[in-house]
Amino acid sequence: MSKIFGGFLLIFFEYNITKGNIVLGLLPDFVGYICIVAGLCDVVTDGAYFRKARLLAIILSFYSAVVYVLNLLGIAGKWQILSWALSIITTLATLGISYLIVKGLPEAEQKYNAKLSSKSIRICWMIMAVFQVVMILALWVPVLVLLMVPNFLATIVFLVMFFQACKVYGTIPGK
């Protein structure tokens, strides 16, 4: 599960250098998705949601690599609508995979009789997801950018809670 957490760190926190239309991602999403795929391979037997998440993570690793190249070559930046569309798809896909992983936590809890705080993590994920969707709307309603700080804080809280679940999962014998 720690690999999944590392992947989340790379995906949820973007650091880019922009020059004109060219965007260099210092923490590429595709590396994060590859980490998530590796982590999901370790937990895939713990529930159906983890299996679904693994398939989506494989698809997203390829998709995000293509987006990375389009940004690096400046192709996406030439057309604002393409850049927005890629951003929206990436955000929704990231929410989709994180949702599947969060939905898999109760299955692992039940299988191993472990306290992974799945209900609290799910609630935190929902709050984070609302802020992420609102940030998509900020593309057209600039005043919504003011919610960037609460979005960042919700993401931090989600990651801390998920990290705690990873630590507990790591104490399960054989994991």
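To start, this report covers the structure provided alongside it. If you're wondering where the values come from, they're calculated on a predicted model, not measured in any experiment.

## Examining the layout of surface pockets
Here comes step 1: Here the largest pocket is characterised by a volume of approximately 1,200 Å³.
Here comes step 2: If you trace the largest pocket, you find 33 residues lining it, with E14, N16, S87, T90 and T91 closest to the centre.
Here comes step 3: Among the elements of the structure, α1 (2-12), β1 (16-19), β2 (22-25), α3 (48-72), α5 (80-112), α6 (118-137) and α7 (148-170) are those that each provide at least two residues to the lining of the largest pocket.
Here comes step 4: With eight residues, the top contributor of residues to the lining of the largest pocket is α5.
Here comes step 5: The class makeup of the residues in the lining of the largest pocket is 18 nonpolar, 13 polar and two charged.

## Some remarks on the packing of aromatic side chains
Here comes step 1: According to the stated counting rule, one finds eleven aromatic pairs in the structure shown.
Here comes step 2: Ring geometry for F5 and F163: centres 5.0 Å apart, planes at 50 degrees, overall tilted. You can see F5 sitting in helix α1 and its partner F163 sitting in helix α7, a full 158 residues away along the chain.
Here comes step 3: Taking relative accessible area as the criterion, F163 reaches 34% and is therefore assigned partly exposed.
Here comes step 4: Between the aromatic rings of F158 and F162, the centroid separation amounts to 6.1 Å while the plane-to-plane angle is 25 degrees, which identifies the pairing as stacked. Of this pair, F158 and F162 both sit in helix α7, separated by four residues, roughly a single helical turn. Residues F158 and F162 agree in their burial class; the two are buried.
Here comes step 5: Taken together, the aromatic side chains of F8, F12, F158 and F162 make up a single cluster linked through ring pairs.
Here comes step 6: Above the face of the Y49 ring, K52 is positioned so that its terminal group lies 5.1 Å from the ring centre.

Each value, and the rule that gives it
Residues numbered from 1 in each chain as written. Predicted model: local features only at pLDDT ≥ 70, side-chain atom pairs only at ≥ 80, totals over all residues. Heavy atoms only, no water. 1 Å grid on protein atoms, 1.4 Å probe; cavity = no way out; pocket = protein on both sides within 12 Å on 5 of 7 lines; lining within 4 Å. Points joined across faces, edges and corners; volume = space filled by probe spheres on them. Helix = DSSP H or I, 4+ residues; strand = E, 2+ residues; numbered from the N terminus. Nonpolar A, V, L, I, M, F, W, Y, C, P; charged D, E, K, R; others polar. Phe/Tyr/Trp six-rings, centres within 6.5 Å; stacked < 30°, edge-to-face > 60°. Buried < 20%, exposed > 50% of the residue type's maximum accessible area, 1.4 Å probe, protein only. Lys NZ or Arg CZ within 6 Å of the ring centre and 35° of its normal.

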